[in-house]
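Notes for the structure review
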Amino acid sequence: MQAMVFDSRELMRQTLGSILSSSVPCLKVSGIGSMGGLIKQSLDPVCYDLIVGSPASFGSENGACVTTRRAGA
């Protein structure tokens, strides 16, 4: 299983990554710290099972979001 955490704050990425990794041992967590990194990562063919991020940390007015994708969707 693959997960991505995106937030401009490194401490937040590390904390969320640590919580996710300890909760789901088979989960591989990647961290993205910039919008450019997020765009670059979106071009990667890796299919993420979980994406957690905070658009507010990049200056967006949308607040925090959590997105999941069901297997086979």
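Remember, predicted model here, so these are calculated numbers, not experimental data.

1. Concerning the nonpolar core
Across soluble globular proteins, nonpolar side chains show a tendency to be buried alongside one another. Within the largest apolar cluster, six residues are counted, these being A3, V5, L20, L27, L50 and V52. For this core, the elements supplying multiple residues, two or more each, are β1 (2-6) and β3 (50-53). Leaving out residues up to four positions away in the same chain, L27 has contacts with M1, Q2, A3, L20 and S21.

2. As for the confidence of the model for the protein
As a general rule, the predicted coordinates of low-pLDDT regions are not to be interpreted in detail. Within the protein, residue pLDDT values average 75, and 68% of them lie at 70 or more. When the elements of the protein are averaged for pLDDT, strand β4 (residues 65-68) gives the smallest value, 54, and helix α1 (residues 10-23) the largest, 87.

3. Some points on the pairing of β1
Remark: a regular strand shows side chains that alternate across the two faces of the sheet. The element β1 is largely enclosed, with a buried count of four among its five residues. Bridge count for β1 against strand β2 (residues 28-32) is five bridges, and the pairing is parallel. For M4, the partnering residue across the bridge sits in β2 and is S30. Handedness of the crossover joining β1 and β2 through α1: right-handed. When β1 meets β3, the two strands line up parallel, connected through four bridges.

4. Some words on the pattern of salt bridges
For the structure on display, the rule yields one salt bridge. Residue D7 is joined to R9 by a salt bridge in which the shortest nitrogen-to-oxygen separation is 2.8 Å. Since its relative accessible area comes to 41%, R9 is described here as partly exposed.

5. Description of the environment of I32
Mapped onto the secondary structure, I32 falls in strand β2. Its relative accessible area of 8% is what places I32 among the buried residues. Spatially, the C-alpha atoms of I32 and E10 are 8.8 Å apart, while their sequence positions differ by 22 residues.

Criteria and cut-off values
- For every chain, the first residue of the written sequence is number 1, and numbering continues from 1 onward in sequence order.
- For this predicted model, a pLDDT threshold of at least 70 governs which residues receive local features, and a threshold of 80 or more governs which side-chain atom pairs are given and counted, while totals over whole chains, interfaces and linings are taken from all residues.
- Hydrogens and water are ignored here; the side-chain numbers use all heavy atoms of the structure.
- Buried residues of nine kinds, namely Ala, Val, Leu, Ile, Met, Phe, Trp, Tyr and Cys, make up a nonpolar core once their side-chain atoms join them within 4.5 Å.
- When a residue's accessible area, from a 1.4 Å probe over protein chains only, is under 20% of the maximum for its type it is buried; when over 50% it is exposed; and in between it is partly exposed.
- Here a helix means four or more residues in a row that DSSP labels H or I, a strand means two or more in a row labelled E, and each is numbered from the N terminus.
- The contact criterion used is simple: two residues touch if any of their non-hydrogen atoms lie within 4.5 Å.
- Per residue, pLDDT captures the predictor's confidence, and it can take any value from 0 to 100.
- Note on pairing: DSSP must find at least two bridges between two strands before they are called paired.
- Think of it like this: strands point away, you trace from the first strand over the helix to the second, and a clockwise trace means the crossover is right-handed.
- Here a salt bridge means any side-chain nitrogen of Lys or Arg lying within 4 Å of a carboxyl oxygen belonging to Asp or Glu.

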